Amino acid sequence: MAEILTVINERVDDIPLLLAHLERMGVPELLDEHFPTHGNWQGLSLGRVAGVWLAYILSQGDHRLNHVQPWAEKRLNTLSQCTGQPVRALDFSDDRLGDILRALSDDEHWVAFERALNRQLLRVYELNPERVRLDSTTASGYWSVTPEGLFQFGHSKDRRPDLPQVKVKLATLDPLGMPLVTTIVPGKRADDPLYIPAIAQVRDSLQRQGLLYIGDCKMAALSTRAFVHAGGDFYLCPLSQTQLPPEELEAYLAPVWNGEQALVDIYGEKEKGERERIAEGYERVVILTAEVDGETITWAERRLVVRSLKQAQAAEKRLHTRLTKAQAELAALNERRQGKKRFTELEDLRQAAEAIVARHRVQGLLRLSYQEIVHERTVRRYRDRPPTVRVEREVRVTVAVDEEAVKDVVRRLGWRVYVTNAPAQSLGLTQAVLAYRNEYIIERGFGRLKGKPLSLTPMYLQRDDHATGLIRLLTIGLRVLTSLEFVVRRRLAAEGTQLAGLYAGNPKRATARPTAERLLAAFREITLTVIQEPARTHCHLTPLTELQQRILELLDFPPTIYTKLCTNSSKPP
């Protein structure tokens, strides 16, 4: 009688690596500790389910709840071996995942979990925090707006003011870009009041003083700067036009233009170690006084007056482009062609010309002059009608560039004033400029959060608590990506080596700064095959390549996180 064989193929890919990394971070254990479940909860714990869900999101780039159960059903052997517990597809039902999101939306439990996770990561990865970067982003979608709901209309950073949005503020650790504090508020909330609570949570989590907090001009509110200084920390941020009016900036630049103030050249490094002059500037000190918690404090603030060379060049190029376009449109007002309206009244022409100047933002840079021309035109005889002379009025505009005014504007381009209370010995002018220019670190995190692989937008949820829980879950995923990347880059830097084989079509290309996405993509196409006979089970796993083994070595993971999928696969009849 022929034996009946059952053959199961499971795509393993990067799942064992992701689950092992989550285990090292302590995520499942901490979730179980800080988010207790109901006594009727059965199967995998909340932390284990959330860990597998995060592995799905990072591996598939999809957060939709209804796709997780079918995905898990095709990988039950892999998930059971990786978690060390029996796994059922029902552990990942929509209802179960919804329960996790509702649990994560609890503010009190989340703050305690985030604090514990931060301390765990600092210990596990031997991190020494020095700089914390703060910024916010918005996620827009087709949601229903309610008076007190999370989704509201507001200033959109997605350039979709027509859509309701939710605002997410992150405090991240440099140079990893790893989130430390996540704040989720309705989309109509302003950024300014969010800084002090976020900084207070970072202090509570890290229990460190002397950190440098870096933010944009919305962090430069005097109350925020005073709060940072009063807590024994430092700040670095630019001033906006509201905080530094144009006339005050003019006073800062006057000694530069009249030759009384020398400028210091600021250099950055290119990828190959070459130095490049990127800015110039100087600094001055002002004394500030503010009130914090009912106590008046006074401190010295350094104001860094800096001109970015590339920003100035780009702004000058845009200015000349606007001038050229404005001149062309103004000249076209004088053109005579068929079907084109001709101006006969001086006031109408003046209004049209001023509208062009305003649209291109070149007010005061062009000299406009108007003239009215009266001439006679003979209308030839037609049949019995005798020839006549018709008097016509025409108005014209001439334009010339005010070169002196343009030069005056150009010399103001690229200047910005940064403020800090950090001593010059620890944060010099060059160091401050380079530190602020690393703003891309947190922006890259927002890109990952809203795009691939975390894919916050579009969000397929309508409930506020579900949306809050999902955003918080995805910030854990962002921690996974940043820590993976950091560990590999630190190890490569310590060895003075590079990693090759990550780039499709160019296997010899090597890098010392691989991204987490490329590292995980290197584990695609790993497959587990399970052949079940009536009395015996056989397993086969795609052998790990040299690149995959090298990545595991850099991450300090043994190959057994994969090979154990075949361990004890046979049993005697």
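As a starting point, this report considers the structure included with it.

Analysis parameters
Sequence order as written defines residue numbering, which begins from 1 separately in each chain. Thresholds applied to this predicted model are a pLDDT of at least 70 for local features of residues and 80 or more for the giving and counting of side-chain atom pairs; totals over whole chains, interfaces and linings are not thresholded and use all residues. Hydrogen atoms and water are omitted, and side-chain values are computed over all heavy atoms in the structure. Lines fitted to the C-alpha atoms define the axes, with helices restricted to the stretch that makes contact. Angles between their N-to-C directions range from 0 to 180 degrees. Strands here are runs of E lasting at least two residues and helices are runs of H or I lasting at least four, both read from the DSSP assignment and numbered beginning at the N terminus. Should an angle fall under 35 degrees it is taken as roughly parallel, and over 145 as roughly antiparallel, whereas 65 to 115 is taken as roughly perpendicular and any remaining angle as oblique. Rotating anticlockwise by less than a right angle from the far helix to the near helix defines a left-handed crossing, while the corresponding clockwise rotation defines a right-handed one. Any two residues whose heavy atoms approach within 4.5 Å at even a single point are treated as in contact. Relative accessibility under 20% of the residue-type maximum defines a buried residue, over 50% an exposed one, and the middle range a partly exposed one, all with a 1.4 Å probe and only protein chains included. Directions drawn from the helix axis to the C-beta atoms are what define this arc. One requirement defines pairing of two strands: DSSP has to find at least two bridges between them.

1. As for the packing of helix α3 (residues 46-60) against helix α16 (residues 464-495)
- In the contact formed by α3 and α16, the axes pass within 10 Å of each other and the chain directions differ by 70 degrees. Put simply, α3 runs roughly perpendicular to α16. The two elements α3 and α16 cross, and the hand of that crossing is right-handed. On the side of α3, the interface is formed by Ala50, Trp53, Leu54, Ile57 and Leu58, while α16 contributes Leu473, Leu474, Ile476, Gly477, Val480 and Leu481.

2. Quick notes on helix α18 (residues 546-554)
- Here α18 has its buried residues at Leu547, Gln548, Ile551, Leu552 and Leu554. Projected down its long axis, α18 shows its buried positions confined to an angular sector of 160 degrees, all on one face.
- Residue Asp556 follows α18 closely and has a positive phi angle near 60 degrees.

3. A few points about the pairing of strand β12 (residues 415-420)
- The element β12 is extensively covered by neighbouring structure, given that five of its six residues are classed as buried.
- Pairing of strand β6 (residues 234-238) with β12 involves three bridges; the strand directions are antiparallel. Counterpart to Leu236 in the pairing with β12 is Thr420.
- Judged from the six bridges that link them, strand β9 (residues 295-308) and β12 form a sheet pairing that is antiparallel. Pairing of Arg303 across the sheet is with Val419, part of β12.

4. Some thoughts on the sheet that holds strand β1 (residues 6-11)
- With antiparallel pairing, the three strands of this open sheet are ordered in space as β1-β15-β16. Only two strands of the sheet have a single neighbouring strand rather than two, namely β1 and β16 (537-541). Shown here is a sheet whose adjacent strand axes are inclined to one another by a mean of 15 degrees, direction ignored.
- Two strands pair when backbone bridges link them, and β1 and strand β15 (residues 527-532) are joined in this way by six bridges, in the antiparallel orientation. Residue pairing for β15: Ile8 is matched across the bridge by Val530.

Purely geometric stuff here, so don't read any function into it on its own.
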